[in-house]
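Chain residues, written in single-letter form:
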Amino acid sequence: MATGGLSIIQTMLSKLPQSEQKLAEYILQNPHEVVNSTVQELSTSAQTSGAAVIRLCKSLGIKGYQDLKIRIAGDLMKTVEQGYRDIEPSESLYRIVEKTTSNSIQTIRDTSEIIDHDNLKHAITLMLNAKTVHFCGVGASNIVAADAQQKLLRINKGATAFTDMHLIATLIANADENDIVFAISFSGETPEVVNILKLAKERGVKTIGLTHYGQTTVSSLCDATLFTSYSNEAPFRSAATSSRLAQLYMIDILFLGMASEQYEETVQYIDNTRSAIKSMTDRYK
């Protein structure tokens, strides 16, 4: 059963038009009613129109009202989540460990619920067919880019992850027709990343994006877009903790998806790299 309807609404709430916000808030407060209501019944209860219900589904990136009902029904079958919690002044280490663990689990769970499997499969296919994948990210997103590059190099897939945007632009200017630009930006609006994507589109280079759920400039410029959950960041979590973890999680899924498609080759490549690394470390003993 599809899930994630309520989390998608929570994610998008502040970005919705005012007319749709009212309806979204009603759904969040009355999820059980939604599951058992028609479009007309919901619009009457929420004091809005049937057209507004349809527009809301479109804004949420959901196929239609029936899809929304199925997702909410899945949400209602789950155990109530504790949600995100920020640390307090002079917090004990025990509580910091407990809250960080809870927040990390929540981030991954929320992201898993909004994965579009068609988009995911498309991105995996693009990466499998790519000659070289050029990862692009600024700040904490560049840490994720470096992790992705390391994973791909271990399975004999060409990959770059430079921090110098001029150098990335140079690579794109001379990119092979089978190269891919993989843009990572939690906000989806990082100017340097947006400019790189625009250059890639001008050059006819295929693009993949990894950003937060919803319509962003990054997602609008990509052939395939993968999303992470988006919540109202508390002061300390806004230091790229939740977003980084969700991005790393999605990179892991991509990598394992690629590995599953070419299982025998991947095992051999990883064995080869493991042997090479071991031979290097043995020389220093």
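Residues numbered from 1 in each chain as written. Predicted model: local features only at pLDDT ≥ 70, side-chain atom pairs only at ≥ 80, totals over all residues. Heavy atoms only, no water.

Per an unreviewed UniProt entry, the chain goes by the name MurR/RpiR family transcriptional regulator and belongs to Peribacillus castrilensis.

## Observations regarding the pairing of strand 4 (residues 206-212)
Summarising burial for strand 4: 6 of the 7 residues are buried, a large majority. Relative to strand 4, strand 3 (residues 180-184) runs parallel, the two being bridged by 5 bridges. Note on strand 4: the bridge partner recorded for Ile-184 is Leu-210. A crossover links strand 3 with its parallel partner strand 4, the connecting element being helix 11 (residues 191-202), and its sense is right-handed. (Buried < 20%, exposed > 50% of the residue type's maximum accessible area, 1.4 Å probe, protein only. Helix = DSSP H or I, 4+ residues; strand = E, 2+ residues; numbered from the N terminus. Pairing = 2+ DSSP bridges. Right-handed = clockwise from strand over helix to strand, strands pointing away.)

## Details of the packing of helix 10 (residues 165-173) against helix 11
Their axes nearest at 10 Å, the elements helix 10 and helix 11 cross at an angle of 10°. The angle between helix 10 and helix 11 places the two elements in the roughly parallel class. Only Glu-192, Ile-196, Leu-199 and Ala-200 of helix 11 make contact with helix 10, whose side of the interface consists of Met-165, Ile-168, Ala-169 and Ile-172. Residues belonging to the contact of helix 10 with helix 11 are distributed by class as follows: 7 nonpolar, no polar and 1 charged. (Axes fitted to C-alpha atoms, helices over the stretch in contact; angles between N-to-C directions. Parallel < 35°, antiparallel > 145°, perpendicular 65-115°, else oblique. Contact = heavy atoms within 4.5 Å. Nonpolar A, V, L, I, M, F, W, Y, C, P; charged D, E, K, R; others polar.)

## Overview of the packing of aromatic side chains
By the definition in use, this model includes 2 aromatic pairs. With a centroid separation of 5.0 Å and an interplanar angle of 40°, the aromatic rings of Phe-135 and Phe-182 are classed as tilted. Of this pair, Phe-135 sits in strand 1 (residues 132-137) while Phe-182 sits in strand 3, placing them 47 residues apart in sequence. Phe-182 matches Phe-135 in its accessibility class, with the two residues each being buried. (Phe/Tyr/Trp six-rings, centres within 6.5 Å; stacked < 30°, edge-to-face > 60°.)

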